[in-house]
Amino acid sequence: MIRALIVDDEPLARERIRTLLESESDIEVVAECGDGLSAISMVLEKRPDLLFLDVQMPEMSGFHVLEALSDEPSPPAVIFVTAYDKYALRAFEVHALDYLLKPFDRERFSRAVGRARNHLMREKKGALDERLFALLADIQAEPKHLERLVIKSSGRVFFLKAEEIDWIESASNYVRLHTGRESHLMRETMSALESKLDPKKFLRASRSAIVNIEKIKELHPLFRGEYEIVLHNGTRLTMGRAYREKLQELLGHAF
């Protein structure tokens, strides 16, 4: 919705613009005012997208209004309204989108509004593109990992926080998620799930097990470079020697 502000010292002129805008379904008149000082106040308060601005007003002209708003970071688009053709050139010099020479008809008014609408759409799209590019850059710079998993069980669906998982067991094309005394079956392969979990928190201990390193209580050396992992809940898992180096890296300690 385009928010519009009408500024004209003649009540009939304001009414004319307001009436013509009633047929523009995407434009909402947020305020009207009859002098330059009120116009400045309303722009700062209402933050309109589009300003219908009379040139000739007592005490402060439309040009003076724009001069007062020149430091605003997001000024509204402007359509000047004037009874004097001599102001048209200056209107474009101050970057007005268009000007309406009184008296104007509906067709001329619609063209001016259409120009403003296209301008505002381009402006918004440009701002949206910038936000999207920034978002994509953030996503590419910092890969996101699963923070919670969706579990379907016995006709219900619930969420399981990744940090609650003690360890994960391979079960053919499924994985079994062990959390305390409970376990949950999930249709996913070990490799696919491993790629989604934070590698700083989850360790592939063997072909059939992934362990949450925060749940590790003890490590016991076995034969041929293997280790027994003991979790806080008492679960014991065997870690193959091929995975020991990764655990040393995560713990920052050689063993």
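No experiment lies behind these values; they were computed from the predicted model shown.

Caption draft 1: Region of interest: the side chain of His184. Along the chain, His184 turns up in strand S10 (residues 182-187). Note on His184: relative accessible area 10%, which makes it buried. With residues near it in sequence (within four places) discarded, His184 still touches Ile151, Phe158, Leu160, Val175, Arg176, Leu177 and Thr179.

Caption draft 2: A nonpolar patch on the surface, seen in detail. Together, Val150, Val157 and Phe159 make up an exposed nonpolar region whose accessible area comes to about 280 Å². Following the sequence through the fold, Val150 ends up in strand S6 (residues 148-153).

Caption draft 3: Region of interest: the sheet that holds strand S11 (residues 202-206). Overall, antiparallel pairing links the five strands, which are arranged S10-S9-S8-S12-S11 in an open sheet. Unpaired on one side and paired on the other, S10 and S11 mark the two borders of the sheet. Averaged over all pairs of adjacent strands, the angle between their axes in this sheet comes to 25 degrees, without regard to strand direction. Examined bridge by bridge, strand S8 (residues 167-171) and strand S12 (residues 209-212) share three bridges and lie antiparallel to one another. Bridged to Ile168 within S12 is Ile210.

Caption draft 4: Representation of the nonpolar core in the model. With 21 residues, the main nonpolar core has Leu5, Val7, Leu51, Leu53, Val65 and Phe80 as its most contacted residues. Counting 20 residues, the second-largest nonpolar core is a separate cluster that includes Ile2, Val81, Phe109 and Val113.

Caption draft 5: Representation of the environment of Leu53 within the structure. Take Leu53: it is sitting in strand S3 (residues 50-54). Taking the C-alpha atoms as reference points, Leu53 and Phe63, separated by ten residues in sequence, lie 9.0 Å from one another. Apart from residues no more than four positions distant in its own chain, Leu53 is found in contact with Val7, Gly62, Val65, Leu66, Val78, Ile79, Phe80 and Val81.

Caption draft 6: Seen up close, the pattern of salt bridges. Counting across every chain of the model gives 15 salt bridges. Between Glu32 and Arg18 there is a salt bridge, with its nearest N and O atoms 2.5 Å apart. Here Glu32, found in strand S2 (residues 27-33), pairs with Arg18, found in helix H1 (residues 11-21); they are 14 residues apart in sequence, far enough to count as distant. Judged by relative accessible area, Glu32 falls into the partly exposed class, the value being 31%. Put simply, Glu107 and Arg111 hold a salt bridge, and the shortest N to O gap is 3.7 Å.

Caption draft 7: Representation of helix H2 (residues 36-46) in the model. Listing the buried residues of H2 in full gives Gly36, Ala39, Ile40, Met42 and Val43. Axial view of H2: buried residues confined to an arc of 165 degrees, hence all on one face. Exposed side chains of H2 directed beyond 90 degrees from the buried face belong to Leu37 and Glu45. Where H2 begins, the side chain of Asp35 points an oxygen toward the backbone nitrogen of Leu37, at a separation of 3.2 Å. One or two positions beyond H2, positive phi appears at Arg47, with a value near 50 degrees.

Criteria and thresholds
- Each chain carries its own residue numbering, running from 1 in the direction its sequence is written.
- Totals for whole chains, interfaces and linings use every residue, but because this is a predicted model, local features are given only for residues with pLDDT of at least 70 and side-chain atom pairs only at 80 or more, for both listing and counting.
- Side-chain numbers here rest on the full set of heavy atoms in the structure, without hydrogens or water.
- Starting at the N terminus, helices and strands are each numbered in turn, a helix being any DSSP run of H or I of at least four residues and a strand any DSSP run of E of at least two.
- Between buried and exposed lies partly exposed: a residue is buried under 20% and exposed over 50% of the maximum accessible area for its type, with that area taken using a 1.4 Å probe on protein chains only.
- In what follows, residue pairs with any heavy atoms lying within 4.5 Å of each other are defined as contacts.
- Exposure above 30% relative accessible area and the absence of a salt bridge qualify a residue for a patch, where like charges join within 9 Å and nonpolar side chains (Val, Leu, Ile, Met, Phe, Trp, Tyr) within 5 Å.
- All accessible-area figures derive from a Shrake-Rupley calculation using a 1.4 Å probe, and residue coverage is judged against the displayed protein chains alone.
- One side-chain nitrogen of Lys or Arg within 4 Å of one carboxyl oxygen of Asp or Glu is enough to make a salt bridge.
- Any two strands with at least two DSSP bridges between them are considered paired.
- Working convention: axes come from line fits to C-alpha atoms, limited for helices to the stretch in contact. Angles between N-to-C directions cover 0 to 180 degrees.
- Note on terminology: a nonpolar core comprises buried Ala, Val, Leu, Ile, Met, Phe, Trp, Tyr and Cys residues joined through side-chain atoms within 4.5 Å.
- Taking the helix axis as origin, the arc is that swept by the directions to the C-beta atoms.
- Think of a polar contact as two N or O atoms within 3.5 Å of one another; within protein, one of them needs to be a possible hydrogen donor and the other a possible acceptor, and neighboring residues in sequence only count if both atoms come from side chains.

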